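One letter stands for each residue in the lines below.
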Amino acid sequence: MARIIVVTSGKGGVGKTTTSAAIAMGLAKKGHKTAVIDFDVGLRNLDLIMGCERRVVYDFVNVINGEATLNQALIRDKNCNLLYILPASQTRDKDALSQEGVGRVLDELKKDFKYIVCDSPAGIEKGAHLAMYFADDAFVVTNPEVSSVRDSDRMLGILASKSYRAEQNLEPIKEYLLLTRYSPERVKLGEMLSVEDVQDILSLHLLGVIPESKSVLNASNSGTPVILDEKSDAGQAYGDIVARYLGENRPHRFIEDQKGFFRKFFGSK
């Protein structure tokens with residue numbers, strides 16, 4: 001049975017597209033046929049992070065409008081044969097998406113894919129609502145700062161009340177917390193919220209913490225999902241997240257100040 005995952009948040013710039021690309025790649029690398037859809041009509045960044053921007057011929061809106069088949073629009077990833085990308089349109093506005101059209105595309109994808117990852121735009125407008133409407137699972141991405149957490153809390157209310165599952169009185173969407181751009185050193189200085197602070201506010205199951213890392217920017221610039229950089233802390237963090245989502249029991253990393261720990265352990269100043 002296919003599962004639809006929405007990667008969402010209220011605030012922009014928290015790492016949703018980076019997360020969507022990494023999660024989709026991680027699931028595919030685990031042997032699950034996976035599709036990732038860019039819902040950010042008018043901007044379209046997912047294809048850049050996936051390194052397939054020059055191969056885009058047809059897009060999500062073309063499929064909804066019957067201007068192309070799903071098979072024509074899907075782009076197979078160059079790093080993994082089990083991963084496919086459905087890009088957004090850069091030339092339409094967000095009203096080009098319809099609930100009926102999105103539902104039809106998702107139903108078609110569910111026939112052939114185990115996981116469908118929906119990369120949501122920021123905010124609470126139509127594109128974001130449609131990205132989460134049909135979801136089975138929600139990865140709520142937030143930075144450890146007050147405005148980001150507040151906006152994520154608002155998204156939780158929408159997930160609980162305006163989804164297909166809520167309307168049909170079905171089992172609620174399963175919600176998971178992903179905390180991005182986390183720095184234990186800055187938490188210690190009181191410059192950002194701690195993991196505990198964020199969990200107290202949102203009351204979500206913590207799927208993983210992604211540390212502040214230059215490897216994220218480097219991966220984005222090179223058109224490669226950061227999860228493929230297994231030597232980087234961010235790549236390892238996303239690998240842990242995928243493993244936990246699939247049921248593996250892995251300890252959480254990147255939460256403690258390792259430099260402070262080693263200074264204390266070795267007695268250095």
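See the structure shown above.
Calculation criteria
- Residues numbered from 1 in each chain as written.
- Predicted model: local features only at pLDDT ≥ 70, side-chain atom pairs only at ≥ 80, totals over all residues.
- Heavy atoms only, no water.
- Helix = DSSP H or I, 4+ residues; strand = E, 2+ residues; numbered from the N terminus.
- Rg over C-alpha atoms; globule rule 2.2 N^0.38 Å.
- Contact = heavy atoms within 4.5 Å.
- Lys, Arg positive; Asp, Glu negative; His and termini not counted.
- Charge placed at Lys NZ, Arg CZ, Asp CG, Glu CD.
- Patch = residues over 30% accessible without salt bridge, like charges linked within 9 Å, V, L, I, M, F, W, Y side chains within 5 Å.
- Areas by Shrake-Rupley, 256 points an atom, 1.4 Å probe, with all protein chains shown as cover.
- Salt bridge = Lys/Arg side-chain N within 4 Å of Asp/Glu carboxyl O.
- Pairing = 2+ DSSP bridges.
- 1 Å grid on protein atoms, 1.4 Å probe; cavity = no way out; pocket = protein on both sides within 12 Å on 5 of 7 lines; lining within 4 Å.
- Points joined across faces, edges and corners; volume = space filled by probe spheres on them.
- Nonpolar A, V, L, I, M, F, W, Y, C, P; charged D, E, K, R; others polar.
- Phe/Tyr/Trp six-rings, centres within 6.5 Å; stacked < 30°, edge-to-face > 60°.
- Buried < 20%, exposed > 50% of the residue type's maximum accessible area, 1.4 Å probe, protein only.

Draft legend 1. Representation of the overall build of the protein chain within the structure. Each helix and strand in the protein chain was counted, giving 13 helices and 8 strands. For 269 residues, the compact-globule estimate of 2.2 N^0.38 gives 18 Å, and the C-alpha radius of gyration of the protein chain, at 18 Å, lies within 12% of that figure. Taking as baseline every contact in the protein chain between residues at least 6 positions apart, the subset at least 24 positions apart corresponds to 73%. Averaging the coordinates of the 35 positive side-chain charges in the protein chain and doing the same for the 36 negative ones gives two points 4 Å apart.

Draft legend 2. Inspection of a negative patch on the surface at higher detail. Together, Glu 196, Asp 197, Asp 200 and Glu 256 make up a region of like negative charge exposed at the surface. Note on placement: Glu 256 falls in the loop between α12 (233-245) and α13 (258-266).

Draft legend 3. Representation of the pairing of strand β7 (residues 174-182). Pairing geometry for strand β6 (residues 137-142) and β7, over 6 bridges, is parallel. Following the sheet pairing, Ala 138 is matched in β7 by Glu 175.

Draft legend 4. Fine view of unusual backbone geometry. Here Arg 181, not a glycine, exhibits a phi torsion of approximately 55°, which is positive. With respect to the helices and strands, the residue Arg 181 is situated in strand β7. Backbone geometry places Phe 254, a non-glycine residue, at a positive phi of 65°. As for its position among the elements, Phe 254 is in the loop between α12 and α13.

Draft legend 5. Region of interest: the side chain of Ser 20. Residue position: Ser 20 is located in helix α1 (residues 16-29). The residues touching Ser 20, leaving out its near neighbours within four places in the chain, are Val 7, Val 36, Val 117, Cys 118 and Asp 119.

Draft legend 6. Quick look at empty space enclosed by the protein. Evaluated as defined, the whole model comprises 1 cavity of 30 Å³ or more. Approximately 40 Å³ is the volume attributed to the largest cavity. Lining the largest cavity we find Gly 208, Val 209, Ala 237, Asp 240, Arg 244, His 252, Arg 253 and Phe 254. Those elements that provide at least two residues to the lining of the largest cavity are β8 (205-211) and α12. Considering every element that reaches the lining of the largest cavity, the biggest residue donor is α12, with 3 residues. For the lining of the largest cavity, a count of residues per class yields 3 nonpolar, 2 polar and 3 charged.

Draft legend 7. Representation of the layout of surface pockets in the model. Computed from the structure, the largest pocket encloses a volume of approximately 450 Å³. Lining the largest pocket are 24 residues, and of these Gly 13, Val 14, Gly 15, Lys 16 and Thr 18 sit closest to its centre. Residue assignment for the lining of the largest pocket shows that the elements contributing at least two residues are α1, β7, β8 and α11 (214-222). When residues of the lining of the largest pocket are assigned to their parent elements, the largest contribution, 3 residues, is made by α1. A breakdown of the residues in the lining of the largest pocket according to their chemical character gives 10 nonpolar, 9 polar and 5 charged.

Draft legend 8. Spotlight on the packing of aromatic side chains. What the rule picks out here adds up to 9 aromatic pairs. Taking 6.2 Å as the distance between ring centres and 70° as the angle between the ring planes, the aromatic pair formed by Tyr 133 and Tyr 164 counts as edge-to-face. Taken together, the positions of Tyr 133 in helix α6 (residues 126-133) and Tyr 164 in helix α8 (residues 164-167) put the pair 31 residues apart, joining distant regions of the chain. The partly exposed category is assigned to Tyr 164, whose relative accessible area is 36%. When the centroid spacing of 5.6 Å and the interplanar angle of 85° are considered together, the rings of Phe 139 and Tyr 176 count as edge-to-face. Taken together, the positions of Phe 139 in strand β6 and Tyr 176 in strand β7 put the pair 37 residues apart, joining distant regions of the chain.

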